[in-house]
Amino acid sequence: MNILVTGGAGYVGSHVVKELLETDQRVITVDNLNKGHREAVLGGEFYHCDLADYQELHKIFSRHEIEAVIHLAADSLVGESVETPHKYYQNNLAAGLNLLEVMLEFSVKKLVFSSTAAVYGEPRNIPIQESDPGEPTNPYGRSKLFYEKILGDYDRAYELKFISLRYFNAAGADTSGQIGEDHDPETHLIPLVLQTALGRRQQLEIYGTDYDTRDGTCIRDYIHITDLARAHILAVEDLEKRDESSIYNLGSGDGFSVREVIDTARKVTGREIPAVPAEKRPGDPPVLIASSEKIREELGWQRCYDDLETIITTAWKWHKNNPEGYRS
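Report on the accompanying structure. Keep in mind that what you see is a predicted model, and the values were worked out from it rather than measured.

Observations regarding a negative patch on the surface
Then, in step 1: A grouping of Glu 65, Glu 67, Glu 159, Glu 240 and Asp 243 is seen on the molecular surface, where their side chains present a negatively charged patch.
Then, in step 2: Looking at the secondary structure, you find Glu 67 in the loop between helix 2 (54–63) and strand 4 (68–71).
Then, in step 3: The exposure class of Glu 67 is partly exposed, given its relative accessible area of 37%.

Set out below in structure tokens:
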């Protein structure tokens, strides 16, 4: 099957591409490399292309008989989205519409969409279920929810079928050590902890220590990046088999606090990892945990890496061997 992966040079995308290649799919990767890394794409065809470039997208579809699209390309920093909302609506919505238009022109009507837990905003229930209302509190979350609604309209009007995967906290690295997490700037907790373990940061700041949680720090749901990547393959297979649109949470169903992540990283690395309290960040909910029962029941998805120590161990292997990321 010929599968186009947008944003395939990014953290999630590179792991999705690797898993697809291991199932003998023919992969065509598109990435503008603003935040992705060409070295992270381990095979298949690669095009340095922005989704805003309609003509170049058209050429790519002309060269390959694409049968399905996995759409991961997006800007994804919450704080940045508040400061520059136009960038998020332009890249995550307008450029995404370009993709849909080219897909329709070439009669490609299967799409797996990279969504986010940010569509829920402040959760009303824990664990969060897909039926809970979408009430995003920032432009990033709104751009993802709007795109899901656009996909619903395209399904009704053009029979373009989609599966939207609402990610919680992707973490870890491929066990081979070939690819891993490398963001600039880095905002995710586990790589920040491990950069501190490597001495690349003096200390880690814990944003809020008096939340109503078991140790006063925020609790989040971490899912290993390979488990997340494999869900995309199941989604493509399901679209091929059932040809029905759906939305799924993608998380572990478990929660770990910031202090638990730091303590586990200290155990894995054998290093001190200095950490100091800091002011709470506006809009940080105390607890975010997904219910992933729906994707388990309907797609048969199961986690292979189901404990925090294993997740951090795989991340540590990548960061220790690549302290400067792909620049190493």
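Here the narrative resumes, following the displayed structure.
Structural notes on the sheet that holds strand 9 (residues 219–220)
Then, in step 1: Spatially, the three strands line up as an open sheet ordered 12-9-14, and their pairing is mixed. Bordering the open sheet on either side are strand 12 (256–257) and strand 14 (287–288), each of which pairs with just one other strand.
Then, in step 2: Pairing analysis gives two bridges linking strand 9 to strand 12, with the strands arranged antiparallel. Pairing of Arg 220 across the sheet is with Phe 256, part of strand 12.

Regarding the pattern of salt bridges
Then, in step 1: Scanning the model with the defined rule gives 20 salt bridges in all.
Then, in step 2: A salt bridge links Asp 174 to Lys 18; its shortest N-O distance comes to 3.4 Å. Placement of the pair is Asp 174 in the loop between strand 7 (169–171) and helix 6 (189–197) and Lys 18 in helix 1 (residues 11–22), with a sequence separation of 156 residues. Take Asp 174 and Lys 18: they sit in the same class, and that class is buried.

Overview of the pairing of strand 11 (residues 246–250)
Then, in step 1: For strand 11, a buried count of four out of five residues is recorded, marking the element as mostly surrounded by other parts of the structure.
Then, in step 2: In the sheet, strand 6 (residues 161–167) pairs with strand 11 via five bridges, with the strands oriented parallel. Bridging from a neighbouring strand, Arg 166 pairs with Asn 249 of strand 11.

Let's talk about unusual backbone geometry
Peptide bonds are, in most cases, trans, and in most cases residues other than glycine have a negative phi.
Then, in step 1: A cis geometry characterises the amide bond from Ile 126 onward to Pro 127, with omega recorded as 0°.
Then, in step 2: Residue Pro 185 follows Asp 184 across a cis peptide bond; omega there is 5°.
Then, in step 3: Even without a glycine there, the phi angle at Glu 159 is positive, about 60°.
Then, in step 4: You can see Glu 159 is positioned in the loop between helix 5 (139–158) and strand 6.
Then, in step 5: In this model, Asp 243 sits at a positive phi of 55°, which is unusual for a non-glycine residue.

Some thoughts on the packing of aromatic side chains
Then, in step 1: Inspection of every chain in the model, using the stated rule, returns six aromatic pairs.
Then, in step 2: Note on Phe 61 and Phe 106: the rings are 5.7 Å apart at their centroids and 35° apart in plane angle, and the pair reads as tilted. Placement of the pair is Phe 61 in helix 2 and Phe 106 in the loop between helix 4 (85–105) and strand 5 (110–116), with a sequence separation of 45 residues.
Then, in step 3: The class for Phe 106 is partly exposed, based on a relative accessible area of 28%.
Then, in step 4: For the ring pair Phe 113 and Tyr 147, a centre distance of 4.8 Å and an interplane angle of 40° mean the geometry is tilted. Here Tyr 147 lies in helix 5 and Phe 113 lies in strand 5, a separation of 34 residues in the sequence.

Details of helix 1
Then, in step 1: Relative to the 16 Å expected for 12 residues at 1.5 Å per residue, helix 1 spans 17 Å between its end C-alpha atoms, a close match to the ideal helical length.
Then, in step 2: The buried fraction of helix 1 amounts to 10 of the 12 residues, a majority that puts the element mostly inside the structure.
Then, in step 3: Among all positions in helix 1, only Tyr 11, Val 12, Gly 13, Ser 14, His 15, Val 16, Val 17, Lys 18, Glu 19 and Leu 20 are buried.
Then, in step 4: Those residues of helix 1 hidden inside the fold are in contact with strand 1 (2–6), strand 2 (26–31), strand 4, strand 6, strand 7 and helix 7 (225–242).
Then, in step 5: Phi turns positive, to about 65°, at Asp 24, one or two residues after helix 1.

Considering the layout of surface pockets
Then, in step 1: Empty space within the second largest pocket amounts to approximately 230 Å³.
Then, in step 2: Lining the second largest pocket are 17 residues, and of these Asp 182, His 183, Gln 195, Arg 200 and Arg 327 sit closest to its centre.
Then, in step 3: Residues of the lining of the second largest pocket, tallied by class, amount to four nonpolar, five polar and eight charged.

Quick notes on the environment of Asn 169
Then, in step 1: Secondary-structure assignment places Asn 169 in strand 7.
Then, in step 2: Given a relative accessible area of 26%, Asn 169 falls into the partly exposed group.
Then, in step 3: With 56 residues separating them in the primary sequence, Asn 169 and Ile 225 have C-alpha atoms 9.0 Å apart.

Some words on the nonpolar core
A general tendency of soluble globular proteins is for nonpolar side chains to be buried together.
Then, in step 1: By size, the foremost hydrophobic cluster in this structure holds 33 residues, and its most contacted members are Ile 70, Leu 165 and Leu 250.
Then, in step 2: Listed by contribution, the elements that provide at least two residues to this core are strand 1, helix 1, strand 4, strand 6, helix 7, strand 11 and helix 9 (293–299).
Then, in step 3: The element best represented in this core is helix 7, accounting for eight residues.
Then, in step 4: Once you skip the residues sitting within four places of it in the chain, Ile 70 turns out to touch Ile 3, Leu 4, Val 5, Thr 6, Val 16, Leu 20, Val 112, His 232 and Val 236.
Then, in step 5: The next biggest cluster of nonpolar side chains, apart from the first, holds 27 residues, and it includes Leu 51, Val 102, Tyr 154 and Leu 160.

Reading guide: rules and limits
Residues numbered from 1 in each chain as written. Predicted model: local features only at pLDDT ≥ 70, side-chain atom pairs only at ≥ 80, totals over all residues. Heavy atoms only, no water. Patch = residues over 30% accessible without salt bridge, like charges linked within 9 Å, V, L, I, M, F, W, Y side chains within 5 Å. Areas by Shrake-Rupley, 256 points an atom, 1.4 Å probe, with all protein chains shown as cover. Salt bridge = Lys/Arg side-chain N within 4 Å of Asp/Glu carboxyl O. Lys, Arg positive; Asp, Glu negative; His and termini not counted. Charge placed at Lys NZ, Arg CZ, Asp CG, Glu CD. Helix = DSSP H or I, 4+ residues; strand = E, 2+ residues; numbered from the N terminus. Buried < 20%, exposed > 50% of the residue type's maximum accessible area, 1.4 Å probe, protein only. Pairing = 2+ DSSP bridges. Phe/Tyr/Trp six-rings, centres within 6.5 Å; stacked < 30°, edge-to-face > 60°. Expected span 1.5 Å × (residues − 1). Contact = heavy atoms within 4.5 Å. 1 Å grid on protein atoms, 1.4 Å probe; cavity = no way out; pocket = protein on both sides within 12 Å on 5 of 7 lines; lining within 4 Å. Points joined across faces, edges and corners; volume = space filled by probe spheres on them. Nonpolar A, V, L, I, M, F, W, Y, C, P; charged D, E, K, R; others polar. Core = buried A, V, L, I, M, F, W, Y, C linked by side-chain atoms within 4.5 Å.

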